[in-house]
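A structural walkthrough
The residues making up each chain are set out below.
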Amino acid sequence: MDQAGSYPVKLYIYDLSRGMARQLSPVMLGKQLDGIWHTAIVVHGKEYFFVGEGINDCPPGGTPLGEPDSVVDMGFTEVPAELFMEYLMSLAESTYSGDKYNLFEHNCNSFSNEVAQFLTGKKIPSYITDLPSEVLSTPFGQALRPLLDSVVINPGGNNITGQR
């Protein structure tokens, strides 16, 4: 706790392509993409993210992705850990259950954006949330969509509901 009743909130940003998107996107998509983004919210000493099995957590930087490529300070929240866990459990049982995952429309970045707004009132950067529409606006993105719709990103962690 940095301030009385305030807890820091961070957005961890990972490039799943490990730099390949920056190199290959101009040729494949006809536009520059700086990365294929996976995001997570770090608050109350844990990293929280949404994957194909639901909402997961781990120690900050504790997935096989390693340390994030960048960290955005989202500010502070007054939401205590107990209330935050109740909120996450309600999301895990409804909006963010594993069967609701969709790479383009309902993914880790959708989750991070919603949770950041709940905690701080701020949205995550639009270059992250706009990425799916950027990819799908290209002929190559449209051609790949049937294949990519079946892709589920899972960088590890523990499911907060205890289910797999």
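Residues numbered from 1 in each chain as written. Predicted model: local features only at pLDDT ≥ 70, side-chain atom pairs only at ≥ 80, totals over all residues. Heavy atoms only, no water.

Thoughts on the pairing of strand β3 (residues 46-51)
Within β3, 5 of the 6 residues are buried, leaving the element largely enclosed by the surrounding structure. Taken together, the 3 bridges between strand β2 (residues 37-43) and β3 define a ladder with antiparallel strand orientation. The residue of β3 that forms the bridge with Val43 is Lys46. In textbook terms, the turn of a hairpin is the stretch between consecutive antiparallel strands, and for β2 and β3 this stretch comprises 2 residues, one of which, His44, has a positive phi near 55 degrees. Across 5 bridges, β3 lies against strand β4 (residues 54-58) in antiparallel orientation. (Buried < 20%, exposed > 50% of the residue type's maximum accessible area, 1.4 Å probe, protein only. Helix = DSSP H or I, 4+ residues; strand = E, 2+ residues; numbered from the N terminus. Pairing = 2+ DSSP bridges.)

Regarding the nonpolar core
Formed by 33 residues in total, the largest nonpolar core has its most connected members in Ile55, Phe84, Leu88, Phe111 and Val115. Elements supplying a minimum of two residues to this core: β1 (7-15), β2, β3, α2 (81-92), α3 (108-120) and α5 (131-136). Tallying contributions element by element places α2 first for this core, with 5 residues. Of all hydrophobic cores here, the second largest spans 8 residues; its members include Ala40, Phe49, Val51 and Leu65. (Core = buried A, V, L, I, M, F, W, Y, C linked by side-chain atoms within 4.5 Å.)

Some remarks on the UniProt feature "domain: PPPDE" (unreviewed entry) in the protein
Mapped onto the present numbering, the UniProt feature "domain: PPPDE" (unreviewed entry) falls on residues 7-149. Measuring from the first to the last C-alpha atom of residues 7-149 gives 36 Å, for a span that is 38% helix and 24% strand. (UniProt positions renumbered as here; feature names shortened; annotations may be inferred.)

Brief notes about the pairing of β1
Of all 9 residues in β1, 7 are buried; the element is thus mostly enclosed. Here β1 runs beside strand β5 (residues 70-77); their pairing, made up of 7 bridges, is antiparallel. Bridging across to β5, Val9 finds its partner in Gly75. For β1 and β2, the ladder comprises 6 bridges, and the chain directions are antiparallel. Counterpart to Lys10 in the pairing with β2 is Val42.

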